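Here is how the chains run, residue by residue.
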Amino acid sequence: MQLTGSQFTSTTALVGNDLATLPDFPAEIRAPAGTLAGVSGFQVQFGSSEIFTPGDRPDVLVAMNPAALKKELGDLARGATIIINSDAFDARSIEKAGFVGDPLEDGTLESFRVFKVPLTTMTHRSLEATSLSKKDKDRSKNFFALGLMYWLYGRPLEHSLRWIERKFAKTPEYAESNSLALKAGYNFGVTTEIFTSNYTVPEASIEPGLYRQITGNQATAFGFIAAAELSGLDLFLGSYPITPASDILHELSRYKHFGVRTFQAEDEIAAIGAALGAAFGGHIGLTTTSGPGVCLKSEAINLAIMVELPLVVANIQRGGPSTGLPTKTEQADLLQALYGRNGESPIPIIAAATPSDCFFAAIEAVRIAVKYMTPVFFLSDGYIANGAEPWKLPEDKDLPTISARFRTEAEGFFPYLRDPATLARPWVRPGTPGLEHRIGGLEKAEKSGNVSYDSFNHEKMVRLRADKIAGIASDIPDAELHGDESGDILLIGWGGTFGALRAATKSMRQAGVKISHLHLRHLNPLPKNVATVIRSFGKICVAELNLGQLLKIIRSEFLVDAIGINKVQGQPFRVSELVERISAILNQDTVGE
Amino acid sequence: MQLTGSQFTSTTALVGNDLATLPDFPAEIRAPAGTLAGVSGFQVQFGSSEIFTPGDRPDVLVAMNPAALKKELGDLARGATIIINSDAFDARSIEKAGFVGDPLEDGTLESFRVFKVPLTTMTHRSLEATSLSKKDKDRSKNFFALGLMYWLYGRPLEHSLRWIERKFAKTPEYAESNSLALKAGYNFGVTTEIFTSNYTVPEASIEPGLYRQITGNQATAFGFIAAAELSGLDLFLGSYPITPASDILHELSRYKHFGVRTFQAEDEIAAIGAALGAAFGGHIGLTTTSGPGVCLKSEAINLAIMVELPLVVANIQRGGPSTGLPTKTEQADLLQALYGRNGESPIPIIAAATPSDCFFAAIEAVRIAVKYMTPVFFLSDGYIANGAEPWKLPEDKDLPTISARFRTEAEGFFPYLRDPATLARPWVRPGTPGLEHRIGGLEKAEKSGNVSYDSFNHEKMVRLRADKIAGIASDIPDAELHGDESGDILLIGWGGTFGALRAATKSMRQAGVKISHLHLRHLNPLPKNVATVIRSFGKICVAELNLGQLLKIIRSEFLVDAIGINKVQGQPFRVSELVERISAILNQDTVGE
Amino acid sequence: MSVNEATTNLTRDDFKTNQDVRWCPGCGDYAILAQVQKVFPELGIPRENFAIVSGIGCSSRFPYYMNTYGFHTIHGRAPAVASGLKLSRPELSVWVVTGDGDALSIGGNHLIHCLRRNVDLKILLFNNQIYGLTKGQYSPTSEFGKMTKSTPFGSVDEPFHPLSLALGSNASFVARSADREPKHLTDVLHRAAQHKGSAFVEVYQNCNIFNDGAFDHVTDKKSKSDVQLVLEHGKPLIFGSNNSKGIVFDGFSPRVVNVADVGIENIAVHDEMAPLSYHMALSNMVWPESPVPMGVLRAITRPAYDSLVNEQISSTIAKRGRGKISELLRTGDTWTVPPR
Amino acid sequence: MSVNEATTNLTRDDFKTNQDVRWCPGCGDYAILAQVQKVFPELGIPRENFAIVSGIGCSSRFPYYMNTYGFHTIHGRAPAVASGLKLSRPELSVWVVTGDGDALSIGGNHLIHCLRRNVDLKILLFNNQIYGLTKGQYSPTSEFGKMTKSTPFGSVDEPFHPLSLALGSNASFVARSADREPKHLTDVLHRAAQHKGSAFVEVYQNCNIFNDGAFDHVTDKKSKSDVQLVLEHGKPLIFGSNNSKGIVFDGFSPRVVNVADVGIENIAVHDEMAPLSYHMALSNMVWPESPVPMGVLRAITRPAYDSLVNEQISSTIAKRGRGKISELLRTGDTWTVPPR
Ligand SMILES: Cc1ncc(C[n+]2csc(CCOP(=O)(O)OP(=O)(O)O)c2C)c(N)n1
Ligand SMILES: Cc1ncc(C[n+]2csc(CCOP(=O)(O)OP(=O)(O)O)c2C)c(N)n1
Ligand code: SF4
Ligand code: SF4
Ligand SMILES: [Mg+2]
Ligand SMILES: [Mg+2]
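A.B. asks: Explanation requested: the overall build of chain A in the structure shown.
C.D. replies: A count of helical and extended segments in chain A gives 20 helices and 20 strands. Across the 593 residues that make up chain A, the buried fraction comes to 66%. Look at the contacts in chain A between residues 6 or more apart in sequence, and 73% of them connect residues 24 or more apart. With the model as given, the accessible surface of chain A reaches about 20000 Å², and the carbon-plus-sulfur share is 50%.

A.B. asks: Looking at this model, I keep getting lost on the site of ligand 4. Mind explaining?
C.D. replies: Looking at ligand 4, the residues that line it are Thr-191 of chain A together with Trp-23, Cys-24, Cys-27, Cys-58, Asn-128, Gln-205, Cys-207, Asn-208, Ile-209 and Phe-210 of chain D. The environment of ligand 4 is shared, with nearby residues belonging to chains A and D. Class assignment of the residues belonging to the shell around ligand 4 gives a composition of 7 nonpolar, 4 polar and no charged.

A.B. asks: Before we go on, may I ask you to explain the coordination of the magnesium ion (ligand 5) in this structure?
C.D. replies: For a metal with four tetrahedral donors the ideal donor-metal-donor angle is 109.5 degrees, whereas six octahedral donors ideally subtend 90 or 180 degrees. Note on the magnesium ion (ligand 5): its protein donors are Asp-100 of chain C (OD), Asn-128 of chain C (OD1) and Ile-130 of chain C (O). The metal-donor distances range over 2.0 to 2.1 Å. The exposure class of Asp-100 of chain C is buried, given its relative accessible area of 2%.

A.B. asks: I'm lost on the nonpolar core in this one. Help?
C.D. replies: Side chains of nonpolar character tend, in soluble globular proteins, to be buried together. Phe-378 and Leu-520 of chain A together with Phe-378 and Leu-520 of chain B are the most contacted members of the largest nonpolar core, which has 352 residues in total. Among all residues touching Leu-520 of chain A, those that are not within four sequence positions of it are Ala-479, Ile-492, Gly-493, Trp-494, Gly-495, Leu-526, Pro-527, Val-530, Leu-550 and Ile-554 of chain A. Judged by nonpolar contacts, the second largest core, of 66 residues, contains Leu-119 and Phe-168 of chain A together with Cys-24 and Val-97 of chain D.

A.B. asks: Sorry, what's going on with the sheet that holds strand E10 (residues 253–258) of chain D here?
C.D. replies: Hydrogen bonding along the main chain pairs the strands of a sheet, whether they run parallel or antiparallel. Residues and elements named next belong to chain D. Pairing in this open sheet of 3 strands is antiparallel, and the strands run E8-E9-E10 from one edge to the other. The open sheet terminates on both sides in strands that have one partner only, identified here as strand E8 (238–239) and E10. Examined bridge by bridge, E8 and strand E9 (residues 245–250) share 2 bridges and lie antiparallel to one another. What sits directly across from Phe-239, in E9, is Lys-245.

A.B. asks: Mind showing me how you'd approach the site of ligand 1 here?
C.D. replies: Around ligand 1 lies a shell of 21 residues, among which Glu-268 of chain B together with Cys-58, Ser-59, Asp-100 and Asp-102 of chain C are the nearest. The environment of ligand 1 is shared, with nearby residues belonging to chains A, B and C. Between ligand 1 and Ser-59 of chain C there is a distance of 2.7 Å, counted from an oxygen atom to a side-chain nitrogen or oxygen. Separating an oxygen atom of ligand 1 from a backbone N or O atom of Gly-101 of chain C is a distance of 2.9 Å. When isolated, ligand 1 has an accessible area of 590 Å², and the protein chains bury 98% of it. In terms of residues, the shell around ligand 1 owes the most to one element, helix H3 (residues 100–106) of chain C, which gives 3 residues.

A.B. asks: How do you make sense of the coordination of the magnesium ion (ligand 6) when you look at a structure like this?
C.D. replies: All names here are of chain D. Protein-derived coordination of the magnesium ion (ligand 6) comes from Asp-100 (OD), Asn-128 (OD1) and Ile-130 (O), at a distance range of 2.0 to 2.1 Å. Sequence positions of the residues that donate to the magnesium ion (ligand 6) give the spacing D-x27-N-x1-I. With a gap of 28 residues between them, Asp-100 in helix H3 (residues 100–106) and Asn-128 in the loop between strand E4 (122–127) and helix H5 (162–168) connect regions that are remote in the sequence. As far as the burial class goes, Asp-100 and Asn-128 line up, both buried.

A.B. asks: Looking at this structure, how should I read the interface of chain A and chain B?
C.D. replies: Accessible area lost on assembly of the parts is the figure often given for the size of an interface. At the interface, 62 residues of chain A touch 62 residues of chain B. The three residues of chain A that bury the most area against chain B are Pro-321, Asn-342 and Tyr-453 of chain A, which together make up 13% of that side's buried surface. Along the contact surface separating chain A from chain B lie 0 salt bridges. Where the side of chain A that touches chain B is concerned, the elements lending two or more residues are helix H12 (291–307), helix H13 (334–339), helix H16 (455–471) and helix H19 (549–558) of chain A. The element that contributes the greatest number of residues to the side of chain A that touches chain B is H12 of chain A, accounting for 10 residues. The class makeup of the residues in the side of chain A that touches chain B is 23 nonpolar, 24 polar and 15 charged.

A.B. asks: Is there a simple way to explain helix H6 (residues 141–152) of chain B in this structure?
C.D. replies: Because each turn of an α-helix spans 3.6 residues, side chains separated by three or four positions in sequence point in the same direction. All names here are of chain B. Look at H6: 17 Å from first C-alpha to last across 12 residues, which is about the 16 Å you get at 1.5 Å a residue. Summarising burial for H6: 11 of the 12 residues are buried, a large majority. Residues Asn-142, Phe-143, Phe-144, Ala-145, Leu-146, Gly-147, Leu-148, Met-149, Tyr-150, Trp-151 and Leu-152 constitute the buried set of H6.

A.B. asks: How do you make sense of the pairing of strand E4 (residues 81–85) of chain A when you look at a structure like this?
C.D. replies: Remark: a regular strand shows side chains that alternate across the two faces of the sheet. Residues and elements named next belong to chain A. Among the 5 residues that make up E4, 5 are buried, leaving the element largely enclosed by the rest of the structure. Along E4, one buried face is formed by Thr-81, Ile-83 and Asn-85 and the opposite face, lined by Ile-82 and Ile-84, is buried too. Note that strand E3 (residues 60–63) and E4 share 4 bridges and pair parallel. Looking across to E4, one finds that Val-62 is bridged to Ile-83. The parallel pair E4 and strand E5 (residues 113–117) is bridged by helix H3 (residues 91–96), and the resulting crossover is right-handed.

A.B. asks: It is not clear to me how the pattern of salt bridges should be interpreted in this structure. Could you clarify?
C.D. replies: Think of it this way: side chains of opposite charge can pair up when their charged atoms draw near. Within the structure shown, the criterion is met by 84 salt bridges over all chains. Between Glu-308 of chain A and Lys-468 of chain A there is a salt bridge, with its nearest N and O atoms 2.9 Å apart. Here Glu-308 of chain A is found in the loop between H12 and strand E10 (311–317), whereas its partner Lys-468 of chain A is found in helix H16, with 160 residues between them in sequence. The shortest N-O distance in the salt bridge between Asp-157 of chain C and Arg-117 of chain D comes to 3.7 Å. Residue Asp-157 of chain C is located in the loop between strand E4 (122–127) and helix H5 (162–168), and its partner Arg-117 of chain D is located in helix H4 (residues 108–117); the two belong to separate chains. Side by side, Asp-157 of chain C and Arg-117 of chain D carry an identical accessibility label, which is buried.

A.B. asks: When you look at the packing of helix H4 (residues 119–126) of chain B against H6 of chain B in this model, what are you seeing that I'm missing?
C.D. replies: The description of two helices packed together rests on the angle between their axes and the distance between the axes. Residues and elements named next belong to chain B. Two numbers describe how H4 lies on H6: the axes approach to 9 Å, and their chain directions differ by 100°. On the basis of the axis angle, H4 is roughly perpendicular to H6. Contacts from Leu-119, Thr-120, Met-122 and Thr-123 of H4 reach H6 at Lys-141, Phe-144 and Ala-145. For the contact of H4 with H6, the residue count by class is 4 nonpolar, 2 polar and 1 charged.

A.B. asks: Would you take a moment to explain the packing of aromatic side chains for this structure?
C.D. replies: The description of an aromatic ring pair rests on the distance of the ring centres and on the angle between the ring planes. In this structure the tally under the stated criterion is 58 aromatic pairs over all chains. Arranged with centres 5.1 Å apart and planes meeting at 90°, the rings of Phe-359 of chain B and Phe-360 of chain B form a pair that is edge-to-face. The class for Phe-359 of chain B is buried, based on a relative accessible area of 0%. Through successive ring pairs, a cluster of aromatic residues spans Phe-249, Phe-252 and Tyr-278 of chain C together with Phe-249, Phe-252 and Tyr-278 of chain D. The ring of Phe-406 of chain B has Arg-429 of chain B sitting right over it, with the charged end atom 5.6 Å from the ring centre.

A.B. asks: Explanation requested: the relation of the copies chain A and chain B in the structure shown.
C.D. replies: There are two copies of the chain, and a rotation about an axis plus a shift along that axis relates them. After a rotation of 180° and a shift along the axis of 0.0 Å, chain A superposes on chain B with an RMSD of 0.1 Å. Both chain copies can therefore be described as sitting about a two-fold axis. Taken together, the interface assignments show that 100% of the residues at the interface of chain A recur at the interface of chain B, consistent with an identical surface on both copies.

A.B. asks: Where do I start with the interface of chain B and chain D in this structure?
C.D. replies: Of the residues lining the interface, 71 residues belong to chain B; the matching set on chain D comes to 60 residues. Taken together, both faces of the contact between chain B and chain D bury some 5700 Å²; the carbon and sulfur share is 59%. Where chain B meets chain D, there are 4 salt bridges. A salt bridge links Arg-117 of chain D to Glu-266 of chain B, with the shortest nitrogen-to-oxygen separation between them at 2.9 Å. At the surface where chain B touches chain D, the tally comes to 31 residue pairs in polar contact (both at pLDDT 80 or more).

A.B. asks: What is the right way to look at the pairing of strand E19 (residues 537–544) of chain A in this model?
C.D. replies: Residues and elements named next belong to chain A. Counted residue by residue, E19 has 7 buried out of 8 residues, so it is predominantly covered. As judged from the 5 bridges shared by strand E16 (residues 487–494) and E19, these two strands associate in the parallel manner. From the neighbouring strand, Ile-492 faces E19, where its bridge partner is Val-542. Examined bridge by bridge, E19 and strand E20 (residues 563–566) share 4 bridges and lie parallel to one another. Across the sheet, residue Glu-544 finds its bridge partner in E20, namely Asn-566. In this fold, E19 hands off to H19, which returns the chain to E20; that crossover is right-handed.

A.B. asks: How do you make sense of the sheet that holds strand E10 (residues 311–317) of chain B when you look at a structure like this?
C.D. replies: Residue and element names in this part refer to chain B. In spatial order, the strands read E8-E7-E9-E10-E12-E11-E18; together these 7 strands make up an open sheet with mixed pairing. With partners counted over all chains shown, the strands left at the sheet margins are strand E8 (261–264) and strand E18 (522–524), one partner each. Averaged over all pairs of adjacent strands, the angle between strand axes in this sheet comes to 20°, irrespective of strand direction. As judged from the 4 bridges shared by strand E7 (residues 235–239) and E8, these two strands associate in the parallel manner.

Conventions adopted
- Residues numbered from 1 in each chain as written.
- Chains lettered and ligands numbered in written order.
- Predicted model: local features only at pLDDT ≥ 70, side-chain atom pairs only at ≥ 80, totals over all residues.
- Heavy atoms only, no water.
- Helix = DSSP H or I, 4+ residues; strand = E, 2+ residues; numbered from the N terminus.
- Buried < 20%, exposed > 50% of the residue type's maximum accessible area, 1.4 Å probe, protein only.
- Contact = heavy atoms within 4.5 Å.
- Areas by Shrake-Rupley, 256 points an atom, 1.4 Å probe, with all protein chains shown as cover.
- Near = heavy atom within 4 Å.
- Nonpolar A, V, L, I, M, F, W, Y, C, P; charged D, E, K, R; others polar.
- Donors = N, O, S within 2.8 Å, 3.2 Å for Na, K, Ca; no water.
- Core = buried A, V, L, I, M, F, W, Y, C linked by side-chain atoms within 4.5 Å.
- Pairing = 2+ DSSP bridges.
- Polar contact = N/O pair within 3.5 Å; in protein donor to acceptor, adjacent residues only side chain to side chain.
- Buried area = accessible area lost by both parts, 1.4 Å probe.
- Salt bridge = Lys/Arg side-chain N within 4 Å of Asp/Glu carboxyl O.
- Expected span 1.5 Å × (residues − 1).
- Right-handed = clockwise from strand over helix to strand, strands pointing away.
- Axes fitted to C-alpha atoms, helices over the stretch in contact; angles between N-to-C directions.
- Parallel < 35°, antiparallel > 145°, perpendicular 65-115°, else oblique.
- Phe/Tyr/Trp six-rings, centres within 6.5 Å; stacked < 30°, edge-to-face > 60°.
- Lys NZ or Arg CZ within 6 Å of the ring centre and 35° of its normal.
- Least-squares fit on C-alpha atoms with pLDDT ≥ 70 in both.

Everything listed here is a matter of geometry and, on its own, says nothing about what the molecule does.
Structure representation (structure tokens):
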């Protein structure tokens, strides 16, 4: 462990991080393996700004055996990631470590993110071609683990490969086995698409209340279950697995006693098709995916827009274009959500800000879908989807009401008769006598909903659909402004960069900069206060993990020379880089892109 | 004919058109049917502005028999539409009418758009349920034809249905049969998706040269054949039929001796997939479709962007969203072309202005695709695709050169080594020894093209792809400005509305208005002169058949308070309505959306 | 007809809508519509419990003409939408109407997955061996060498046999009928309606505009007895005038014989529940080498997907009680931050 | 091996790339890679004339490890991309590598159309009965009741039999082998390479991380002789230790017998060119009811789509001469506007 620990340290130093380490090993050269005393540990804290300690509560633990787990468990931060060598967790070793039950099964690890990896077996497999003894092969497993860590933190192997070569120059068979194991561990990370875990910036002071740990994807799943419950309907998920959205499918498939039907479809098109069919049937229709899947769903989203049925399309964004960087985060699907379909096809868009906000954003998406009879985009991203945070549990009374009403009166019924306030058409459950009707993707005649090729009707309907969505602006809260209502610079953001933007704003405000942060949770329509807020600041910055997508909207809507702060590295913003770039903008004489 | 002619007239008057008619019937009550003398004709010219004559050269002829065709043929405008009752064209009738050969087969009608419809048979079929005699059924065929005309010009049936009821009150069986035939004719139009033919505004004076008649879809097909020839490669079309794009597939499938391979795929995804495979193989890859098909192709377009292969995606736009108005024109897929994919996925966009411009726009699309190794969007629309115009044939020397070069040197080869001028990567034909390499949809390492999960590489590649497309701006002509270089108002447009916008500009300039017209043929990147031109006018209008898509781009790029002139009726702009709306904008004191 | 049929007082007219039927005069779709309008009131299902889901194509306009719940979706995706509807509302009688292009070209994948899963949908594929709505391109069921607008030199791909593809997907109910065989079609529709699971019915349909007469050999009054091999469970495979001809199998190869020559007892007997390979032997019989099997080729019992899905839901609720989200959130590891 | 094989001096190493192979240690994909790297140099095809096209999945990373032209496309679409490549470049040897999810879930439609058309592609489907890359959801080939991340209560859909689906699509070449049968796999790969038309090969592949041991019953040294029914054209269907067991067909139903009991002459003889229904009978044989057929089930001759397409092109050019666009524009009805 120490060898690999120091390898990790030096590689980390080499890539330019500051760090502090705490090697911790038994006094004996060969302490009794598998006991608490025998645990050899190596703790490291590293980061991009100055680091003063090896950290109090580790965020990631690699436990090569039960004893190591037992020893470190108490110190771990809630929500920490634990990578476990599952091969080492046999009954005897568990007992030897002093556990009463099996910690992998009995809930001990419930508030952590646990990855069970058969490290020993996999190391052996990766060394099948070598002629080493079993025991020698065993030794390489730490390098396998190191390889996995290198992958997890995106560190290069080269340094350690060279080191291994030097170190084991006299025993080339060890040099080979350790290199192979190191690479195999790294490749395991690549291949199995374990998502990089990321952490949001914690708030300074904590509100009293009941808390739990939650990841964004889990909160998303819970949010949709809650929304269905609030509307008194069953939830139907049509989905096709894709990183980083699959966990929502996994999570929802567990809750059959909530009436949740999950349909793992043959592809994304069938997934949304089935969800739309279920919406027609009177369920809360949901489909979850990531960018490439949204491409495939776009034709059906348009159908939902035309037939005006409620449906939520959740896109857990990842690095694009194309297959791109499936396990990395990005915010580059906003314009796709807005415009990625033929014709004029307006759709509301809501983006979650933090892991726990996924819960509320999911409810809000369903509320709008049902109230306005429209598909709605729910945007999350790999960063918050897999990131975890402590969450103060909401009370029932904190949740909104969702009133799903099915029309049953035949008298005066027309499929496209609109509620004058919301412009929503009626939702009718098949099975309701006297309300039989037909819907479809061809243009509809106003009110009757019959197929219509009439020119003026078409323009009317195109504008009605646009107005219906635009009208939602009066039904959503103002965008959240942090800081003063006017100032020198306004930092606008959306989605999972919330934490970094808020932290950067705070720190700059503390330093006396007249900066405020406007977070947009609703991206379409935009909240009503955005125009006013924008006019109250000298400079406008839009920070996004893309090349400037919200930026385009802000510029076009408000005709302000907003400046983009952009990053497309599959990584979240670092607070320090935000501060740096905002400072640079403030110091510019002329404002320009 | 007269009865139906006057029905058409009065319905047309009822919907608010001005018109003039020329009934033309034989003196005898029952002239010898099938002879020139026996032809009963009815000519009508109608329009939205003042009409003074029944027209010199009809644009549409309904020929119920060979004699009628013979009689009117000489008068028809080239490119006119002829609807023929094919049932009446037996050898005897053809002879009787005075034709030497069969005019339907011998090329007589080559410069017209001919629709052969078995009017008599279909009328009989529509009356199968009635008890009328064969002869009586025959009589109703004019109403079938009238129904078809009503559909063609989007006229309502009600007026004539009421009239039939009154007229045949005493013989209800005739009332029924004529109504049925009228509806059946209308429905035939609806069902078979015959595209409304439209006509561009002719230029005042005609350049000398060799001319032919051409529709937009035909010109598109010819353009791609020409582009392949110019690049010395074979053309490969992967397509799935869809209105109004199918005719390009039909046309291209005829030219096997040009080395054109047409692949009617199982769906749009396979169509583009195969085209991309062919592009990988070293062919000019093309896929043709309309809006809903673009939805399905979007994932593969992104793959083409990532693997940087040349490919043209032709979208013949129709009314949306969803299935929408399949046979009507619209320009509402521009933002889809720009943004309809996950991630940052830049793509050049070219839109054809007129039927014959489709030829040159197709060549330009291929030129850019091959030179920059990128997929390119070619946009046309139902209006120009099906509209026809006389076309002065280009000389070989008028056509650009397309230099397609395959790399064959193994020395120094890297799949993503870029040409420093164009930023294009090399195109290598499989089969080239020593240049074996792998491409794919995962992010590529700069230069080597290996899969790379590296953060900085990703940002670099995202920006490289963006820069490559943005750089095309220096390789395209300035946008065409009609009128003075500065003035009170600039009318900006793109695509198939060119004719109407140009005509409106001309007529307003004649009236002394300081207006100019800027036509954008390249929508991404925008031509370099756009910024300067925009700054030289007082007001900026963007006229489009959508709710303001180019408008959004112009506002966001140039931060001008451009005003949209929008129409979404499945119909092209009328010159008069453009003039009206521009005048209103000029008379406004404050400029605002 | 099962006992619970005919318990409603519905008539054919109850299933007509006020929309003008807009197919070409003479189109085979009219006849199919008429039979469906005849059969629906006989099924004993309240009108409001019918839903018809279609894709895009001439055939797919079907829902507009049926006064039931209807959904004219997008091209090829009807089985997916219908699956969602049926999974969420198992009490509905959900029918899919589709064409050879809609079901087998763009929609092939959804179709085979639906059949594999055995979702309880009645799928009527109007096979006219052409793309009608887009004006006459060849389809995946068009014969080799087909000249169409998109294949002026003749097509060069072998068609699917729709029934074989369905069998390759392990469909539980596979049948064939024709627009011009109203009586036969009625029977097949009844059988499909009664089947629990995916019922796949190919209906030969004449497109008199773009592919006229494609099935004349099958439906022509004069020749049809020699061409149609009408299947009946438990009955020998006989056909021809006076049922003088029959089918025997040499191993896996069907052979046409004179019944008189071999004796009726040696003629193969139709079995809807036989191994798939037998049904595959039937589905691969093509004219003029063989007569054309008409009727129910296969009808076996296997659980419908939607029932199984809903059973998992209801049994879990029965066992654990309906969940409450507020409780769910509070289970597992929680902690309290006390007020400061 | 045909005569034109082994005319190049390539070796296994020529087909290795400099990219680290990134499958999990122990993954069955390694063994398949090794066999393909062994077979390719034996095919007598210059290295530059190989192209490997894949979709997305663990298996679909295959092209990165083969030093040939390669295209790692998008999920499910490899047959489409490969078809375009083969149509445009018929001289290339184009291979498709795909997984059970890639080929049969999202990509099912392209696969069946490719097989129907008989595009000359060699399609290797690595069937591990799981979605590996996305970390273990059930796939369309997972057994009924499969417990996975997305089906914690067990799946409720019957799987596809990939070979049956291929046969339902009228595939001209259908075979099965396994990662752990290197010799057998080599032979099947050679047969596939030599087939003109779509060659569909299902390769049982162990995913030791998410579905370990799925094919142990087939490949386990001790039991495999009782489980594998190794097919050889013209040879009787025998298996078991000492080939003591055999298959007879009662009509269409296979039955396992002792060869000694019935006599070898009464055992069914394998015929790669028999009617589809026979191959369907084989493809539907599932363990433990029946042994598992391994090898080439079907190999028939029918024209490859890409040849026919290219023949239409070349024969038209031969007849009419290569077209020139400037002439094309000027044919038909043109007129001259004289200078004023
Ligand atoms: C995504 C998409 N692609 C293509 C089309 C065009 N399209 C409509 S129907 C059809 C084929 C119809 O054939 P079939 O299903 O056989 O129906 P039929 O008209 O013959 O009844 C096509 C290609 C479409 N509407 N949507
Ligand atoms: C459009 C799209 N949808 C979903 C995915 C996610 N995805 C990648 S591979 C895969 C399934 C892989 O299964 P299989 O084809 O059996 O390959 P294996 O990994 O088992 O070899 C899925 C669902 C994707 N990449 N693209
Ligand atoms: S085109 Fe053919 S299938 Fe379509 S309505 Fe007309 S006859 Fe029927
Ligand atoms: S997850 Fe399974 S299939 Fe994928 S590389 Fe690992 S062992 Fe192989
Ligand atoms: Mg059809
Ligand atoms: Mg798999």
